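Close look at the chain arrangement
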2 protein chains.
Amino acid sequence: MSCIFCKIIAGEAPAAILYRDEQVIAFRDIHPIASTHILIVPLRHISSVNELEEADAALVGHMALAAKQLAVQEGVAGRGYRLIMNTGPEGGQSVFHLHMHLIAGKSARSLLG
Amino acid sequence: MSCIFCKIIAGEAPAAILYRDEQVIAFRDIHPIASTHILIVPLRHISSVNELEEADAALVGHMALAAKQLAVQEGVAGRGYRLIMNTGPEGGQSVFHLHMHLIAGKSARSLLG
């Protein structure tokens, strides 16, 4: 098992875990680009958005719903936040296990206009 | 009806529509920030991620699946792309009807590192 996110899910690599349920896990990005920077990750290994099938729709939506709850917990739901899924080399994907970034707070405002 | 996206959905405002099914519509962003910049929008008016309920999970996932198909159509699936949902003032949301940005190609690489 070489996937770092699978190792975190299995408890074999450390992470600042904020949330876990039967479908997803959420932990803080180890290289945050804003004061709130959390990754929401499906427990099942899916490489990227390119590998998603229609049967995964509810799972992907559940990732967004978990992100929404985390935004409330972090106290950023009112001011605002961004949810981002990067795919492939030019999309900036660095770990090839599907994940959604929740980015908010200081510095997030200037990203992407 | 003052929502510009609801007007596009109703055929009362112009847009470069690329895709439509029973749940979502997709059209080119009128102010593109990259060579591919498409918005995927649910037909039903939902203001933002903050208003999503668990029952909307499949809809949100379907938006991502539609985006994946559009990335293939645009010829950017291999090189990579970003899917982004902005929420609230500091999140950069400008139209308060839920939408997902599909951004790829020239200039997308430098965004968000």
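Let me begin by describing the structure that accompanies this report. (Residues numbered from 1 in each chain as written. Chains lettered and ligands numbered in written order. Predicted model: local features only at pLDDT ≥ 70, side-chain atom pairs only at ≥ 80, totals over all residues. Heavy atoms only, no water.)

1. Regarding the environment of Met 63 of chain A
Residue and element names in this part refer to chain A. Its location among the elements puts Met 63 in helix H2 (residues 57-73). For the pair formed by Met 63 and Ile 4, sequence separation is 59 residues and the distance between their alpha carbons is 19 Å. For Met 63, the contacting residues outside a window of four places in its chain are Val 24, Ile 40, Pro 42, Met 85, Leu 98, His 99 and Met 100. (Helix = DSSP H or I, 4+ residues; strand = E, 2+ residues; numbered from the N terminus. Contact = heavy atoms within 4.5 Å.)

2. Concerning the packing of aromatic side chains
Residue and element names in this part refer to chain A. Within this structure, the stated rule accounts for two aromatic pairs over all chains. Considering the side-chain rings of Phe 5 and Phe 27, the 5.4 Å spacing of their centres and the 75 degrees angle between planes classify their relative orientation as edge-to-face. You can see Phe 5 sitting in helix H1 (residues 4-9) and its partner Phe 27 sitting in strand S2 (residues 24-28), a full 22 residues away along the chain. (Phe/Tyr/Trp six-rings, centres within 6.5 Å; stacked < 30°, edge-to-face > 60°.)

3. Considerations on the relation of the copies chain A and chain B
With an RMSD of 0.0 Å, the operation that places chain A on chain B is a rotation of 180 degrees combined with a shift of 0.0 Å along the axis. This pairing of chains is accounted for by a two-fold axis. Most of the interface of chain A is mirrored in chain B: 100% of its interface residues are interface residues there too. (Least-squares fit on C-alpha atoms with pLDDT ≥ 70 in both.)

4. So, the state of the cysteines
All names here are of chain B. This model, assessed by the stated rule, comprises zero disulfides over all chains. Cys 3 takes part in no disulfide bond, and the closest cysteine sulfur to it belongs to Cys 6, at a distance of 3.8 Å. Judged by relative accessible area, which is 15%, Cys 3 ranks as buried. (Disulfide = S-S within 2.5 Å. Buried < 20%, exposed > 50% of the residue type's maximum accessible area, 1.4 Å probe, protein only.)

5. So, the sheet that holds S2 of chain A
If you trace the 10 strands from one edge of the open sheet to the other, you get S1(A)-S2(A)-S3(A)-S5(A)-S4(A)-S4(B)-S5(B)-S3(B)-S2(B)-S1(B), paired in antiparallel fashion. Looking at the sheet topology across the chains shown, the edges are occupied by strand S1 (17-20) of chain A together with strand S1 (17-20) of chain B. When strand polarity is set aside, the average angle formed by the axes of neighbouring strands in this sheet is 20 degrees. Where helix H2 (residues 57-74) of chain B meets the sheet, its contacts fall on strand S4 (81-87) of chain A together with S1, strand S2 (24-28), strand S3 (36-42), strand S4 (81-87) and strand S5 (100-104) of chain B, and the angle it forms with S3 of chain B comes to roughly 150 degrees. (Pairing = 2+ DSSP bridges. Axes fitted to C-alpha atoms, helices over the stretch in contact; angles between N-to-C directions.)

6. Quick word on the nonpolar core
Membership of the largest hydrophobic core comes to 50 residues, with the highest contact counts inside it found for Ile 40 of chain A together with Ile 40 of chain B. Once residues lying within four places of it in the same chain are set aside, the contact partners of Ile 40 of chain B are Val 24, Ile 25, Ala 26, Met 63, Ala 66, Ala 67, Leu 70, Leu 98, His 99, Met 100 and Leu 102 of chain B. (Core = buried A, V, L, I, M, F, W, Y, C linked by side-chain atoms within 4.5 Å.)

7. Topic: empty space enclosed by the protein
Under the defined criterion, the tally for this structure stands at two cavities of 30 Å³ or more. Of the volumes computed, that of the largest cavity is approximately 40 Å³. As for the largest cavity, its lining consists of Leu 83, Ile 84, Met 85 and Met 100 of chain A together with Leu 83, Ile 84, Met 85 and Met 100 of chain B. Of all the secondary-structure elements, those providing two or more residues to the lining of the largest cavity are S4 of chain A together with S4 of chain B. Each residue belonging to the lining of the largest cavity can be placed in one class, and the counts come to eight nonpolar, no polar and no charged. In this model, the second largest cavity occupies a volume close to 30 Å³. Lining the second largest cavity are Ser 48, Val 49, Met 85, Asn 86, Thr 87, Gln 93, Leu 98 and His 99 of chain A. (1 Å grid on protein atoms, 1.4 Å probe; cavity = no way out; pocket = protein on both sides within 12 Å on 5 of 7 lines; lining within 4 Å. Points joined across faces, edges and corners; volume = space filled by probe spheres on them. Nonpolar A, V, L, I, M, F, W, Y, C, P; charged D, E, K, R; others polar.)

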